[in-house]
Amino acid sequence: MKIINEVKDAQTIAISGHVRPDGDCVGSVMGLYLYLKKEMPEAEIDVYLDEPPAIFGCISHIEDIKSKFNTNKEYDVFVALDTTDDRLGEAEPIYRRARKKINIDHHISNSGCGDVNVVEPERSSTAELLYELMEPEKIDEEIAIAIYIGIIHDTGVLRYSNTSPRTLQITAELIKFGFDFSKIVEETFFEKTYLQTQIMGRAVLESVRFMGDRCIVSMVSRRMMEFYCVTPKDLDGIVNQLQSVKGVECAIFMYEIGTLEYKVSMRSSGKVDVSAVAMKFGGGGHVRAAGCTMNGTYHDNINNLSIEIAEQLENE
Ligand code: AMP
Ligand code: MN
Ligand code: MN
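Residue positions are counted from 1 within each chain, in the order its sequence is given. Each chain takes a letter, starting from A, and each ligand takes a number, starting from 1, following the order in which they are written. Local features are withheld for residues below a pLDDT of 70 in this predicted model, meaning they are given only at 70 or higher, and side-chain atom pairs are given and counted only at 80 or more; totals for whole chains, interfaces and linings count all residues. With hydrogens and water set aside, each side-chain value is computed from the structure's full complement of heavy atoms.

Enquirer: I'd like a rundown of the overall build of the chain, residues and numbers included.
Expert: Along the chain, the regular secondary structure elements total 12 helices and 11 strands. When its C-alpha atoms are laid out on the principal axes, the chain stretches across 60 × 40 × 40 Å. Buried, partly exposed and exposed residues are distinguished by accessible area as a fraction of the type maximum, computed with a 1.4 Å probe on protein chains only: under 20%, between the cut-offs, and over 50%, respectively. Sorting the 316 residues of the chain into buried and exposed places 52% on the buried side. In this description, accessible areas are obtained by the Shrake-Rupley approach with a 1.4 Å probe, and a residue is regarded as covered only by the protein chains that are shown. As displayed, the chain offers around 14500 Å² of accessible surface, 49% of which is attributable to carbon and sulfur atoms. When the 33 basic and 50 acidic side-chain charges of the chain are each reduced to a single mean position, those positions are 2 Å apart. Numbering of helices and strands runs from the N terminus, with a helix taken as a DSSP run of H or I at least four residues long and a strand as a DSSP run of E at least two residues long. In this charge count, Lys and Arg are treated as positive and Asp and Glu as negative; neither His nor the chain ends contribute. To locate a charge, take NZ of a lysine, CZ of an arginine, CG of an aspartate or CD of a glutamate.

Written out as structure tokens, the structure is:
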């Protein structure tokens, strides 16, 4: 399947991804936008997404993203990337109204929510999958940068086990365009502000191991975020830092999003299927990286998650 064949008759196209967009989400959404804008100059193409982190400013035309919108438009085609419809946030009603819904994703928890579904959980990233749906000769440097960012963010810079030989082949094709990939990796993936580094330090310092040191958990409250002048976007990377502790099978990181409401991120070394754990609480993701939103006190949430994790570790 090639994406162009699915959208070529459309006059209006909307593109979106999940709430609190990460690198794969922003990269895929922008990669597809730049590609279709070039291939279908006559079409009206809109991108709806929560305001992306400033680090993604290196992606061409990122300013075209509409983050505040109130529209009753009925699109000919809506492409939802890196997500299911229930995580589209404010774009969900627009998706519902669209005449043709296309869902492109790599989350194992996604059973497909479109009229056309391309969901391949073995793919490292939605960006990698999107590349396969494009005609390689039509990709330019700007599109390549967007896709490259998607791939490196979901693979931890080609390091997680979701990286396949094909991921590396595609990445090789992309860097042939000659952009400064090393600068992109440094500035979008590794570089942190001083305050981001401080709150990560605080979260690591206050982390607690449990279940015979096989699990680790930490939390950032709204008060802490206020104290360090940070927002949820600044907390990326904390859960991965916790997961890198020797002996840890499963890392949990939570931050407060409302009264008795937490966004939960989980990472696993592979023994625990954290997507299955997240799905029990209405979330999802991948075997080694998943998330959900939980209501209740911090300690109740840890208890509830622990029951599911312990069950898996016992059945190991
Ligand atoms: P996070 O820890 O939020 O970065 O999420 C880890 C992985 O799980 C990412 O691939 C997310 O897209 C996915 N994920 C996070 N939260 C959810 C959710 N509520 N439903 C489905 N997938 C999620
Ligand atoms: Mn994502
Ligand atoms: Mn992804």
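Enquirer: Report on the state of the cysteines, specifying residues and quantitative values.
Expert: Any two cysteine sulfur atoms lying within 2.5 Å of each other are counted as a disulfide. Evaluation of the coordinates by the stated rule reveals 0 disulfides. Here C25 is not cross-linked by a disulfide; its sulfur's nearest cysteine counterpart is in C113, at 13 Å.

Enquirer: How would you sum up the coordination of the manganese ion (ligand 3)? Please name residues and give values.
Expert: Here a donor is any nitrogen, oxygen or sulfur atom (N, O, S) within 2.8 Å of the metal, with 3.2 Å used for Na, K and Ca; water is not among the atoms considered, so some sites may look incomplete. The protein atoms that coordinate the manganese ion (ligand 3) are D24 (OD), D82 (OD), H106 (NE2) and D154 (OD), at distances spanning 2.1 to 2.3 Å. Within one chain, the residues serving as donors to the manganese ion (ligand 3) are arranged as D-x57-D-x23-H-x47-D. A separation of 3.6 Å is found between the manganese ion (ligand 3) and the manganese ion (ligand 2), which are bridged by D82. Residue D24 is located in helix 2 (residues 23–39), and its partner D154 is located in helix 5 (residues 141–154); the two are separated by 130 residues in the primary sequence. Accessibility assignment for this pair places D24 and D154 in one class, buried.

Enquirer: Pulling in residues and values, what's your account of helix 12 (residues 298–314)?
Expert: Any helix carries an expected span of 1.5 Å times its number of residues minus one. Spanning 17 residues, helix 12 covers 24 Å between terminal C-alpha atoms, matching the ideal 24 Å at 1.5 Å per step. Of the residues making up helix 12, those classed as buried are Y298, N301, I302, L305, S306, E308, I309, A310 and L313.

Enquirer: Can you lay out the pairing of strand 3 (residues 77–81) for me, pointing to particular residues and giving the numbers?
Expert: Of all the 5 residues making up strand 3, 5 are buried; the element is thus mostly covered by neighbouring parts of the structure. Residues V77, V79 and L81 line one face of strand 3 and the alternating positions F78 and A80 line the opposite face, and both faces are buried. We treat two strands as partners when DSSP finds at least two bridges between them. In this sheet, strand 3 lies alongside strand 1 (residues 12–16) in parallel orientation, the contact comprising 4 bridges. Residue I15 lies in a different strand from strand 3, and its bridge partner there is V79. Strand direction decides the pairing type here: strand 3 and strand 4 (residues 100–105), joined by 5 bridges, are parallel. In the sheet register, A80 faces strand 4, and the bridge partner there is N103. Orienting the strands away from the viewer, one traces the path from the first strand over the helix to the second; a clockwise path indicates a right-handed crossover. Regarding the hand of the β-α-β motif, the stretch spanning strand 3, helix 3 (residues 92–97) and strand 4 is right-handed.

Enquirer: Can you break down the coordination of the manganese ion (ligand 2) residue by residue, with the values?
Expert: Coordination sphere of the manganese ion (ligand 2), protein contribution only: H18 (NE2), D22 (OD), D22 (OD) and D82 (OD), at 2.1 to 2.7 Å. D82 sits in the buried class, given a relative accessible area of 1%.

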